[in-house]
Amino acid sequence: MNPKIIGLVAILASAITLSSCNKEKLEQLQAQNQSLASEKARQDSVLNEMLSAFNQFEDNLSLIKERENLVSTAATSGTEMEGESKEQVLADIQMINELLADNREIISNLTSQLEAAEGESSQLRRAVSRLKRQLEERDAEVASLKSQLENLNLAIGDLNSRIDTLSEVNSTLASLREQQSARIQEQEATMSNQSQTISAQTEALNTAYYLAAEGRELKRSGVTDGNRLATNFNSQSFTRIDITQVSSIPIGTKKAKVLTPHPTDSYTLVEEGGEVASLKITDARRFWQASKYLVIEIN
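Conventions and cut-offs
Residues numbered from 1 in each chain as written. Predicted model: local features only at pLDDT ≥ 70, side-chain atom pairs only at ≥ 80, totals over all residues. Heavy atoms only, no water. Pairing = 2+ DSSP bridges. Helix = DSSP H or I, 4+ residues; strand = E, 2+ residues; numbered from the N terminus. Axes fitted to C-alpha atoms, helices over the stretch in contact; angles between N-to-C directions. Core = buried A, V, L, I, M, F, W, Y, C linked by side-chain atoms within 4.5 Å. Buried < 20%, exposed > 50% of the residue type's maximum accessible area, 1.4 Å probe, protein only. Contact = heavy atoms within 4.5 Å. Salt bridge = Lys/Arg side-chain N within 4 Å of Asp/Glu carboxyl O. Polar contact = N/O pair within 3.5 Å; in protein donor to acceptor, adjacent residues only side chain to side chain. pLDDT = per-residue confidence, 0-100. Phe/Tyr/Trp six-rings, centres within 6.5 Å; stacked < 30°, edge-to-face > 60°.

Participant: I tried to follow the sheet that holds strand S8 (residues 275–281) on my own but got confused; where do I start?
Facilitator: In sheet architecture, strand pairing relies on hydrogen bonds along the backbone and comes in two forms, parallel and antiparallel. Taking strand neighbours across the sheet as the criterion, the three strands line up as S5-S8-S7 in an open arrangement whose pairing is antiparallel. Edge strands, defined here as strands with exactly one partner in the open sheet, are strand S5 (248–253) and strand S7 (267–272). On average, each strand axis in the sheet is tilted by 20° relative to the strand beside it, whichever way the strands run. As paired elements, S5 and S8 share four bridges and run antiparallel to each other. Residue pairing across strands places Ser248 opposite Lys280, the latter belonging to S8.

What follows is the structure, encoded as structure tokens:
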């Protein structure tokens with residue numbers, strides 16, 4: 001078989017294989033990037049819901065503390081509570097009871113969310129468990145407090161020391177926010193790298209090179225070897241183009257001949273004023289699928 005034909009077939013096969021591999025890798029990266037974006041959105045939504053519940057829990061604890069201070073002041077005044085004073089204390093205790101009930105519902109919802117959300121932080125699970133135990137203890141203490149107040153015999157102790165400090169809850173929330181922030185930053189960095197890789201792959205797929213020169217120049221540059229294309233030639237003297245933007249290659253010479261194996265029915269040599277003015281690509285997909293390098297010998 002003619003050595004020139006064998007060389008051209010080898011170049012064509014290599015270009016087609018490279019293009020197919022790059023396209024497959026590009027599709028995989030795009031799917032991976034979309035998956036990361038979906039996972040990030042899901043994690044953001046879950047964390048926002050849980051943080052909102054924790055904030056409500058904190059607000060309830062603040063109100064409980066205010067009412068406990070009022071009850072404690074009245075109970076330790078040294079006088080028996082009667083009339084409006086007694087009713088106010090009982091009303092404060094009832095509000096504490098209702099706020100604790102609200103917090104029980106919050107923790108019940110958080111527990112359900114944790115059971116449904118696979119892979120969430122174990123630290124968050126422990127925090128919810130601690131709050132649940134705390135509320136169980138508060139329920140028992142409020143029941144005992146109501147009994148003591150009804151008998152007007154015992155003063156109310158400092159319930160604030162029996163409630164886990166709010167700073168512990170805040171510390172847990174801060175730690176969770178930091179963890180989530182670190183995960184989000186890591187995912188954003190991964191997505192950025194994936195996007196850059198996709199952009200580079202896309203640019204590579206859409207990049208081609210052309211060279212229009214006289215025969216002696218092509219030979220001097222190592223592009224041709226005798227009367228045929230060299231197997232491995234230096235592309236330094238070629239012009240780089242984006243195949244999605246370029247559909248015509250300027251020539252401007254009396255005669256022109258395409259040396260690379262582009263299908264003859266995928267382009268046209270346009271003649272103007274007695275010379276070959278340009279090469280017009282009529283079927284870009286087939287034209288560049290044959291080779292990403294275009295060599296034109298001019299005279």
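Participant: Hey, could you run me through the nonpolar core in this one?
Facilitator: Proteins that are soluble and globular tend to have nonpolar side chains buried together. If you look at the biggest cluster of nonpolar residues, it comprises 24 residues, and the most contacted ones within it are Phe54, Phe57, Ile64, Ile107, Leu110, Leu124 and Val128. Residue assignment for this core shows that the elements contributing at least two residues are helix H1 (3–75), helix H2 (83–116), helix H3 (122–151) and helix H4 (166–205). Here the element with the most residues in this core is H2; it accounts for nine residues. Apart from residues lying up to four places away in sequence, Val128 is in contact with Phe54, Ile107, Leu110, Thr111 and Leu114. Listed in part, the 17 residues of the second largest apolar core include Ala208, Ile249, Ile251 and Tyr267.

Participant: Can you help me understand the pattern of salt bridges in this one?
Facilitator: Tallied over the entire structure, the rule returns five salt bridges. Between Arg240 and Glu203 there is a salt bridge, with its nearest N and O atoms 2.7 Å apart. Of this pair, Arg240 sits in strand S4 (residues 239–242) while Glu203 sits in helix H4; the two residues are 37 residues apart in sequence, bridging distant segments of the chain. Look at Arg240 and you get partly exposed, because its relative accessible area is 48%. The class for Glu203 is partly exposed, based on a relative accessible area of 43%. Between Glu217 and Arg220 there is a salt bridge, with the nearest N and O atoms lying 2.6 Å from each other. You can see Glu217 and its partner Arg220 sitting in helix H5 (residues 215–220), three residues apart, about one turn around the helix. One salt-bridge network, in which partners are shared between bridges, spans Asp265, Asp283 and Arg286.

Participant: Would you take a moment to explain the side chain of Thr260 for this structure?
Facilitator: Structurally, Thr260 can be placed in the loop between strand S6 (256–258) and S7. A distance of 3.2 Å separates a polar side-chain atom of Thr260 from the backbone nitrogen of Val295. Sequence-distant contacts of Thr260, that is, excluding residues within four places in its chain, are made with Leu229, Tyr293, Leu294 and Val295.

Participant: Looking at this structure, how should I read the confidence of the model for the protein?
Facilitator: In low-pLDDT regions, the fine details of the predicted coordinates are not to be read closely. Per-residue confidence for the protein gives a mean pLDDT of 76, with 71% of residues at or over 70. Of the regions scoring below 50 in pLDDT, residues 153–161 engages in 18 contacts with residues more than four places distant in sequence or in other chains.

Participant: Where do I start with the packing of aromatic side chains in this structure?
Facilitator: How two aromatic rings sit relative to each other is given by the distance of their centres and the angle of their planes. The full count for this structure, using the stated rule, is four aromatic pairs. Ring geometry for Phe287 against Trp288: centres 4.9 Å apart, planes inclined by 85°, an arrangement best described as edge-to-face. Side by side, Phe287 and Trp288 carry an identical accessibility label, which is buried. Through pairs of rings, three or more aromatic residues link up here, namely Tyr209, Phe238 and Tyr293.

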